[in-house]
Amino acid sequence: GCFEGYKHSILYKKNCGIIFRKDYTDLRDTTMKTFLEITPPEEMQEFNKSEHKITLRNGSEIYFRHLKDGLKLGSLSLGWFFVDEAEEVTEEIFIALQGRLSLKGSACVGWLVSNPPNTDHWLYKTFNDNPDKEFAVFYASTYDNQDNLPKEYISNLEKLPPSWRKKYLEGKWVFTPDGRPFYQGF
């Protein structure tokens, strides 16, 4: 998602993109960090830390926002958006973001990255049960990324209960219970 956002910001001059996560701390420590790592310093004109905004030399702007208090964009027109850990946000936010894709001279696209949530989640209903040709879904398992992970990472995931393995190791939609196990009579 970070790479696609950067690519669209370079391809389309004066583009406007926004990167979201539910919580600001997670955004800062992971997604924003990744974006800064992949963006060549010579392409950055300014990084305004108080506004959480990067301006590239070609005039494109990239904002970093959290969604803990909902979607507050004012009248911002976007060329692209990226939501990291999309399973943590609501369908209403996704719909509102689609409505903000109105920047002339850009591709007007959005990306969501997520662990597969439970099958009753809006992501499953929107992207798995919906034959809409405007959406594309790409699946990846942790095995696909094993060359970039610590040696014991996958073997630790392989010890998880079956439904958790399917979700977090194989990248498949499956129901996993939330909270603590409940055993009747205890």
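Details of the structure are given in the entry above.
Residues numbered from 1 in each chain as written. Predicted model: local features only at pLDDT ≥ 70, side-chain atom pairs only at ≥ 80, totals over all residues. Heavy atoms only, no water.

Visitor: Got a sec to walk through the overall build of the protein? Specific residues and values, please.
Guide: In terms of regular secondary structure, the protein is built from 6 helices and 6 strands. Taken along the three principal axes of its C-alpha coordinates, the protein extends 60 × 35 × 35 Å. In the protein, which comprises 186 residues, the proportion classed as buried is 34%. Long-range contacts, defined as pairs at least 24 residues apart, comprise 65% of the intrachain contacts of the protein with a sequence gap of at least 6. As displayed, the protein offers around 11600 Å² of accessible surface, 51% of which is attributable to carbon and sulfur atoms. Both charge centroids of the protein, one from 24 positive and one from 27 negative side chains, sit 2 Å from each other. (Helix = DSSP H or I, 4+ residues; strand = E, 2+ residues; numbered from the N terminus. Buried < 20%, exposed > 50% of the residue type's maximum accessible area, 1.4 Å probe, protein only. Contact = heavy atoms within 4.5 Å. Areas by Shrake-Rupley, 256 points an atom, 1.4 Å probe, with all protein chains shown as cover. Lys, Arg positive; Asp, Glu negative; His and termini not counted. Charge placed at Lys NZ, Arg CZ, Asp CG, Glu CD.)

Visitor: Please set out the sheet that holds strand β4 (residues 61-66) residue by residue, giving values where relevant.
Guide: Overall, mixed pairing links the 6 strands, which are arranged β2-β3-β4-β1-β5-β6 in an open sheet. Looking at which strands have only one partner, the edges of the open sheet turn out to be β2 (44-48) and β6 (109-113). For this sheet, the mean angle separating the axes of adjacent strands, direction not counted, is 15°. Relative to β6, strand β5 (residues 80-84) is paired through 5 bridges, and the arrangement is parallel. What sits directly across from Asp84, in β6, is Val113. Running over the sheet, helix α3 (residues 91-99) touches β1 (16-21), β5 and β6 and is turned about 160° from β5. (Pairing = 2+ DSSP bridges. Axes fitted to C-alpha atoms, helices over the stretch in contact; angles between N-to-C directions.)

Visitor: Explain α3 to me, using residue names and the numbers behind them.
Guide: Residues of α3 that are buried include every one of Ile93, Phe94 and Leu97, and no others. Angular distribution of buried residues about the axis of α3 spans 100°; they occupy a single face of the element. Exposed and facing more than 90 degrees away from the buried side of α3 are Glu92 and Gly99. (Arc of directions from axis to C-beta.)

Visitor: Explain the environment of Asn156 residue by residue, including any values.
Guide: With respect to the helices and strands, Asn156 occurs in helix α5 (residues 151-157). A C-alpha to C-alpha distance of 42 Å links Asn156 and Tyr12, two positions 144 residues apart in sequence.

Visitor: So, the packing of helix α1 (residues 2-11) against helix α2 (residues 24-38): which residues are in play, and what are the values?
Guide: Look at α1 against α2: their axes get within 9 Å of each other, and the N-to-C directions meet at 50°. By the angle between their axes, α1 is oblique relative to α2. The two elements α1 and α2 meet at a crossing, and its hand is right-handed. Residues Cys2, Phe3, Gly5 and Tyr6 of α1 pack against Thr31, Thr34, Phe35 and Ile38 of α2. (Parallel < 35°, antiparallel > 145°, perpendicular 65-115°, else oblique. Left-handed = near helix turned anticlockwise from the far one by under 90°.)

Visitor: Account for the environment of Lys22, naming residues and giving values.
Guide: Tracing the backbone shows Lys22 in the loop between β1 and α2. For Lys22, a relative accessible area of 34% gives the class partly exposed. Between the alpha carbons of Lys22 and Asp84 there is a distance of 8.3 Å; along the sequence they are 62 residues apart. Dropping the residues within four chain positions of it, Lys22 is found in contact with His66, Leu67, Lys68 and Glu88.

Visitor: Talk me through the pattern of salt bridges; I want residue IDs and the actual numbers.
Guide: According to the stated counting rule, one finds 6 salt bridges in the structure shown. Of the charged contacts in the structure, one is a salt bridge between Arg28 and Asp29, with a shortest N-O distance of 2.8 Å. For Asp29, a relative accessible area of 41% puts it in the partly exposed group. In this structure, Glu170 engages Lys172 in a salt bridge whose closest nitrogen and oxygen atoms are separated by 3.7 Å. Ionic contacts of the salt-bridge type, sharing partners, join the residues Glu51, Lys53 and Glu61 into one network. (Salt bridge = Lys/Arg side-chain N within 4 Å of Asp/Glu carboxyl O.)

Visitor: I'd like a rundown of the nonpolar core, residues and numbers included.
Guide: Within the largest apolar cluster, 19 residues are counted, with the highest numbers of intra-cluster contacts made by Ile18, Phe20, Leu78, Phe81, Val83 and Leu97. Sorting the residues of this core by element identifies β1, β5, α3 and α4 (122-127) as the ones contributing at least two each. Here Leu97 is in contact with Phe20, Leu71, Leu73, Leu78, Phe81 and Val83, once residues within four sequence places are set aside. Membership of the second largest hydrophobic core comes to 13 residues, among which are Ile19, Phe35, Trp80 and Trp111. (Core = buried A, V, L, I, M, F, W, Y, C linked by side-chain atoms within 4.5 Å.)

Read these as spatial facts, not as claims about activity.
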